[in-house]
Amino acid sequence: MSLNLKESHEYEAELKNKLKKYSGHNYELIEVLHEAQELIGYLPKEAQKIIADHLNLAPGRVNSVVSFYNHFSEYSKGEFQVSLCKGTACYVKGSQDIIKKIEDKYGIKSGQTTEDGKVSLNVVRCLGACGLSPVMTVNGKAYGLLNPEKAVKIIENYLNGKIKEEGNA
Ligand code: FES
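Since the model is a prediction, treat every value here as computed from it, not as a measurement. (Residues numbered from 1 in each chain as written. Predicted model: local features only at pLDDT ≥ 70, side-chain atom pairs only at ≥ 80, totals over all residues. Heavy atoms only, no water.)

**Notes on the packing of helix H2 (residues 29–40) against helix H4 (residues 59–68)**
Selection criterion: In this analysis an axis means a line fitted to C-alpha atoms, helices contributing only their contacting stretch, and an angle means the value between N-to-C directions, from 0 to 180 degrees. Every helix listed is a DSSP run of H or I at least four residues long, and every strand listed is a run of E at least two residues long, numbered separately from the N terminus. Here the angle decides the label: under 35 degrees means roughly parallel, over 145 means roughly antiparallel, 65 to 115 means roughly perpendicular, and every other value means oblique. Crossing chirality is assigned from the near helix's rotation relative to the far helix, an anticlockwise turn below a right angle marking it left-handed and a clockwise turn marking it right-handed. Two residues form a contact once any of their heavy atoms are found within 4.5 Å. Each residue gets one label: Ala, Val, Leu, Ile, Met, Phe, Trp, Tyr, Cys and Pro are nonpolar, Asp, Glu, Lys and Arg are charged, and the others, such as Gly, are polar.
Contact geometry for H2 and H4: axes closest at 11 Å, N-to-C directions at 70°. Considered as vectors, H2 and H4 are oriented roughly perpendicular to each other. Considering only the axes of H2 and H4, their crossing is right-handed. On the side of H2, the interface is formed by Leu29, Ile30 and Leu33, while H4 contributes Val62, Val65 and Val66. Classifying every residue of the contact of H2 with H4 by side-chain character gives six nonpolar, no polar and no charged.

**A few points about the UniProt feature "binding site: [2Fe-2S] cluster" (unreviewed entry) in the protein chain**
Worth spelling out the cut-off: UniProt positions are given in the numbering used here, feature names are shortened, and annotations may be inferred rather than shown by experiment.
This chain's UniProt record puts "binding site: [2Fe-2S] cluster" (unreviewed entry) on Cys85, Cys90, Cys126 and Cys130. Spanning 46 residues, the annotated positions come together in the fold, the maximum distance between their C-alpha atoms being 9.2 Å. Within the secondary structure layout, Cys90 lies in helix H5 (residues 88–92). Setting aside residues up to four positions removed in sequence, Cys90 forms contacts with Cys85, Ser95, Ser133, Pro134 and Val135. Of note, Cys130 is situated in the loop between strand S2 (119–124) and strand S3 (136–138).

**Some thoughts on the domain arrangement of the protein chain**
We count it as follows: Domain borders in the structure are assigned automatically or taken from a domain database.
As assigned here, the protein chain comprises domain 1 (12–68) and domain 2 (80–159). Of note, the centres of domain 1 and domain 2, computed from C-alpha atoms alone, are 28 Å apart.

**Structural notes on helix H7 (residues 148–159)**
Three or four residues apart is the spacing at which side chains of an α-helix point the same way, because the helix has 3.6 residues per turn. Here is the rule: One fewer than the residue count of a helix, multiplied by 1.5 Å, yields its expected span. Think of it in three bands: residues with accessible area under 20% of the maximum for their type are buried, residues over 50% are exposed, and the middle band is partly exposed, with areas taken using a 1.4 Å probe on protein chains only. Polar contacts, as counted here, are pairs of nitrogen or oxygen atoms within 3.5 Å of one another; within protein the pair requires one atom able to donate a hydrogen and one able to accept it, and residues that are adjacent in sequence qualify only if both atoms are side-chain atoms.
With 12 residues, H7 should reach 16 Å at 1.5 Å per residue; the first-to-last C-alpha distance of 17 Å fits that figure. Every buried residue of H7 is accounted for by Pro148, Ala151, Val152, Ile154, Ile155, Asn157 and Tyr158. Buried residues belonging to H7 abut strand S1 (80–85), helix H6 (95–106), S2, S3 and strand S4 (141–143). Capping the start of H7 is the job of one residue whose side-chain oxygen sits 3.1 Å from the backbone nitrogen of Glu149: Asn147. In the stretch just after H7, Gly161 is the one whose phi turns positive, near 85°.

**Observations regarding unusual backbone geometry**
A negative phi angle characterises most non-glycine residues, just as the trans form characterises most peptide bonds. Cis geometry is adopted by the peptide bond preceding Pro134, which originates at Ser133 and carries an omega value of -5°. Within the secondary structure, Pro134 is located in the loop between S2 and S3. In this structure, Leu145 takes a positive phi of about 50° despite not being glycine. Within the element layout of this structure, Leu145 appears in the loop between S4 and H7.

**Digging into the packing of aromatic side chains**
Here a ring pair, both rings aromatic, is described through the centre-centre distance and the interplanar angle of the planes. This is how the line gets drawn: Stacked, tilted and edge-to-face are the three classes applied to pairs of Phe, Tyr and Trp rings, where Trp contributes its six-membered ring and a pair requires centres within 6.5 Å; stacked means planes under 30 degrees apart, edge-to-face means over 60, and tilted covers the rest.
Using the criterion set out here, one finds four aromatic pairs in the structure. Ring centres 5.5 Å apart and planes at 55° place the aromatic pair Phe80 and Tyr158 in the tilted group. A residue pair is termed long-range when its members are at least 10 positions apart, and Phe80 in strand S1 and Tyr158 in helix H7 qualify at 78 residues. As far as burial versus exposure is concerned, Phe80 and Tyr158 are alike and both buried. The interplanar angle of 90° and the centroid separation of 6.2 Å between the aromatic rings of Tyr143 and Tyr158 together place this pair among those described as edge-to-face. Taken as a pair, Tyr143 in strand S4 and Tyr158 in helix H7 lie far apart in primary sequence, 15 residues in all. The same class applies to Tyr143 and to Tyr158, which are both buried. Site record: aromatic cluster; members linked through ring pairs are Phe68, Tyr69 and Phe72.

In structure tokens, the structure reads:
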């Protein structure tokens, strides 16, 4: 989802204010990103640019750190945050087909959220459960041994309330 100008103006002043306590050294980057994400909820490109300017870093450097860590996101998150693994173990068991199915079904790519704000997709390198590959998590709960149909069914069960946040499948 893209950021609208109103939102940008809303956080810009506060972010710049928070940055004042940082001396402008690039080793502060991770801490600053944490604080900015806490403030905004995610790390839009405009915020990354403000941070890069303050720390005298190239915007591309900031963006590479944001992209590398799963904890950080460039996009606003949906109610159900789906992380799909494309690490080696999952890849060889067909994770690409699952990713494609979810992209097609919900009309989103990695890092995006559906228009209704319900589902976010994040394709990640490894979820640390390689023995259960292919794996995805929904709001942090892991589901393994997936195929495209199973993965969609799980997400649909979140959407229709058959799976509650507590994780009762
Ligand atoms: S490679 Fe997918 S969980 Fe590790």
